[in-house]
Amino acid sequence: MVPPVDTAEFRRIAGRFATGVTVVTTGVEGTIHGMTANAFASLSLDPLLVLVCVDLDAGLHELLPHSRTFAVNVLAEGQEDLSRWFSSKRRPEGYSQFDGVVWVPSPVTGSPLLDGALAYLDCEVADILKGGDHSIFLGAVRDLGELGGKAPLLWYESGYHRLPED
Ligand SMILES: Cc1cc2nc3c(=O)[nH]c(=O)nc-3n(C[C@H](O)[C@H](O)[C@H](O)COP(=O)(O)O)c2cc1C
């Protein structure tokens, strides 16, 4: 009998996988929302698909089935504050959470694009899959581009990092 895997150990070991950091944004029924996420991956070239894993308890999880659209903002070095803000349970809902944040609506879906981020992918929800206490949102990429940032913000072992300078 194999002993069950300990959750804390799972988090520690899974945290050895270095990722970037994104803020996934959406707009629906007169409101907008953003959420920090690192469970993002490019998935398919034909068709062009990405995936984002969203906690069942997240506000974003409630909104995406209605908006059916989202933008993935890939954060740049120096945007830790945005990452902390859009992962904070203390931030207000709706437009107020973007007070002091410079953003524009994306040309295709109208989802907020964050000034100074590295890049964005603007998506329509193609499918929603079950994944334990998360859902996996598949996004069909409708538009993409750069947003002015130069180097990535990295996430590793529960902390922010930057690429070493040459
Ligand atoms: C670096 C980082 C990465 C995160 N990645 C995810 C993620 O991929 N999926 C997720 O559901 N929550 C993720 N979170 C947690 C959410 O950002 C956090 O729970 C947030 O408050 C949820 O926002 P909402 O409930 O207002 O939508 C992450 C947090 C941080 C700091």
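Residues numbered from 1 in each chain as written. Predicted model: local features only at pLDDT ≥ 70, side-chain atom pairs only at ≥ 80, totals over all residues. Heavy atoms only, no water.

**Student:** How should I be thinking about the pattern of salt bridges in this particular structure?
**Tutor:** Any two side chains of opposite charge can pair if their charged atoms end up close together. All told, the structure shown has 5 salt bridges when counted by the stated rule. One salt bridge in this structure joins E9 and R12, with 3.0 Å as the shortest N-O distance. In this pair, E9 and R12 both sit in helix α1 (residues 7-14), 3 residues apart, roughly one turn of the helix. When its relative accessible area of 35% is taken as the criterion, E9 is described as partly exposed. Judged by relative accessible area, R12 falls into the partly exposed class, the value being 47%. (Salt bridge = Lys/Arg side-chain N within 4 Å of Asp/Glu carboxyl O. Helix = DSSP H or I, 4+ residues; strand = E, 2+ residues; numbered from the N terminus. Buried < 20%, exposed > 50% of the residue type's maximum accessible area, 1.4 Å probe, protein only.)

**Student:** Would you explain the site of the ligand in this entry?
**Tutor:** Near the ligand, the surroundings consist of 19 residues, among which H33, T36, D55, G59 and R91 are the closest. One of the side-chain N or O atoms of H33 is found 2.8 Å from an oxygen atom in the ligand. Between the ligand and the protein, one listed contact pairs an oxygen atom with a side-chain N or O atom of K89 at 3.1 Å. Its free accessible area being 650 Å², the ligand has 82% of it covered by the protein chains. Of all the secondary structure elements, the ones that give two or more residues to the shell around the ligand are β3 (31-37), β5 (48-55) and α2 (59-67). When the residues that make up the shell around the ligand are grouped by side-chain class, the tally is 10 nonpolar, 6 polar and 3 charged. (Near = heavy atom within 4 Å. Polar contact = N/O pair within 3.5 Å; in protein donor to acceptor, adjacent residues only side chain to side chain. Areas by Shrake-Rupley, 256 points an atom, 1.4 Å probe, with all protein chains shown as cover. Nonpolar A, V, L, I, M, F, W, Y, C, P; charged D, E, K, R; others polar.)

**Student:** Help me understand the sheet that holds strand β11 (residues 153-156) in this model?
**Tutor:** By definition, the strands of a sheet pair up through backbone hydrogen bonds, in either a parallel or an antiparallel sense. Strands sit in the order β1-β11-β12 across an open sheet of 3 strands; the sheet is antiparallel. Across the chains shown, the open sheet's two edge strands, defined by having one partner strand only, are β1 (19-20) and β12 (159-162). Pairing between β1 and β11: 2 bridges, direction antiparallel. By the bridge assignment for β11, T19 is matched with W155. (Pairing = 2+ DSSP bridges.)

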